[in-house]
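Fold and geometry: a report
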Amino acid sequence: MTAFMELQQHLKRYWALPYHEDPTLNTALHEVQAWQRQRIRQTHSELFTLPKNQLMAEYFLHQLYGGAEFKKLAIQLARLLPKAQKLERLIKDSVLETGNMAIQAAVLAIEMDLHLAQWLIAHELPVTEKNIMRAYSTIDESEARCLQLENLKEVCYRTDKYFNSYLLQKAFQLAKSTAYNNNYQPLYDFIDAGFAAMKPLDSVVSFIDPFCARELMIIEQIRDASNDNADGFGIS
């Protein structure tokens, strides 16, 4: 299966999500996503506010996490798929695979937040830390969330590898005008934004490893919570 066939599957999965046709669910999902972004900013405030990490933090929250920016990208990518064979000749397969993995991680994040939103609607509950925690515990998608973190880590590792390859950087830069002239800029810009976010970093490991380690601690903490004294999303 080619990278673009996989991309088509991910986009098909994304557009099949019920919130696209359900205004109530759409609103609830956006509220959950906004809460999640705020929670992530607070949880990782020390990491995110370091000057060298700020671009990466924004890329993480607004590109890899999903939401409104991802929907714009999904719309544009759907228009490109009929020309996929031509685009595959312009960009190295491994770069496309990495971009594809990032799309998959974003779709998975949306799906899991959608499940939280559905649970909150079913129980007529507002978006609060206590209610989100109850939804996390009841639905228990901890394995899927761990997989998502592994995917994000792999995307970052791969992009870091490409960023440190002079030849690949030059080839990618040279492909820009061709990509733009053929209306392939959405995927190009999505990948290029990842490169730009990593530029200030000595290594992506210094960002993604502590981020994932803390998120895994939170997942374990919520999965093991069985009483009202649980710490929720806070990590001491």
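Given the structure is predicted, the values throughout are model-derived calculations rather than measurements. (Residues numbered from 1 in each chain as written. Predicted model: local features only at pLDDT ≥ 70, side-chain atom pairs only at ≥ 80, totals over all residues. Heavy atoms only, no water.)

Observations concerning helix α2 (residues 23–43)
Helix length check: α2 (21 residues) gives 30 Å between terminal C-alpha atoms against 30 Å at 1.5 Å per residue, within 8%. By the burial criterion, the buried members of α2 are Leu 25, Ala 28, Leu 29, Val 32, Gln 33, Trp 35, Gln 36, Arg 37, Arg 39, Ile 40 and Thr 43. (Helix = DSSP H or I, 4+ residues; strand = E, 2+ residues; numbered from the N terminus. Expected span 1.5 Å × (residues − 1). Buried < 20%, exposed > 50% of the residue type's maximum accessible area, 1.4 Å probe, protein only.)

Describing the packing of aromatic side chains
Overall, the coordinates contain eight aromatic pairs when judged by the stated rule. A ring pair is formed by Phe 48 and Phe 211, whose centres lie 6.2 Å apart and whose planes are at 10°; its orientation type is stacked. Remark: Phe 211 occurs in helix α12 (residues 205–224) and Phe 48 occurs in helix α3 (residues 45–48); sequence separation between them is 163 residues. In this structure, Phe 48 and Phe 211 share a single accessibility class: buried. Ring centres of Phe 207 and Phe 211 lie 6.4 Å apart, and the angle between their planes is 5°; on these two criteria the pair is classed as stacked. A residue pair is termed a helical-turn pair when its members lie 3 or 4 positions apart in one helix, as Phe 207 and Phe 211 do in helix α12 at four residues. An identical accessibility class is assigned to Phe 207 and Phe 211; each is buried. Aromatic ring contacts, followed pair by pair, group Tyr 14, Trp 15, Tyr 19 and Phe 70 into a single cluster. (Phe/Tyr/Trp six-rings, centres within 6.5 Å; stacked < 30°, edge-to-face > 60°.)

Structural notes on the pattern of salt bridges
Scanning the model with the defined rule gives five salt bridges in all. Salt-bridge contacts for Arg 39 lead to Glu 215; the nearest nitrogen and oxygen are separated by 2.8 Å. Separated by 176 residues along the polypeptide, Arg 39 in helix α2 and Glu 215 in helix α12 bring together distant segments of the chain. As a salt-bridge pair, Arg 145 and Asp 113 come within 3.7 Å of each other at their nearest N and O atoms. Linking Arg 145 in helix α9 (residues 142–163) with Asp 113 in helix α7 (residues 93–122), this pair joins segments that are 32 residues apart in sequence. As far as the burial class goes, Arg 145 and Asp 113 line up, both buried. (Salt bridge = Lys/Arg side-chain N within 4 Å of Asp/Glu carboxyl O.)

Considerations on the confidence of the model for the protein chain
When pLDDT is averaged across the protein chain, the result is 82; 79% of the residues are at 70 or more. When mean pLDDT is taken per element in the protein chain, α3 scores highest with 95 and helix α6 (residues 84–88) scores lowest with 59. (pLDDT = per-residue confidence, 0-100.)

A word on the packing of α2 against α12
At a closest axis distance of 11 Å, the pairing of α2 and α12 adopts a crossing angle of 115°. By the angle class used here, α2 and α12 are roughly perpendicular. Here α2 and α12 pass one another in a crossing that is right-handed. Of the residues in α12, those touching α2 at Arg 39, Ile 40 and Thr 43 are Phe 211, Arg 214, Glu 215 and Ile 218. (Axes fitted to C-alpha atoms, helices over the stretch in contact; angles between N-to-C directions. Parallel < 35°, antiparallel > 145°, perpendicular 65-115°, else oblique. Left-handed = near helix turned anticlockwise from the far one by under 90°. Contact = heavy atoms within 4.5 Å.)

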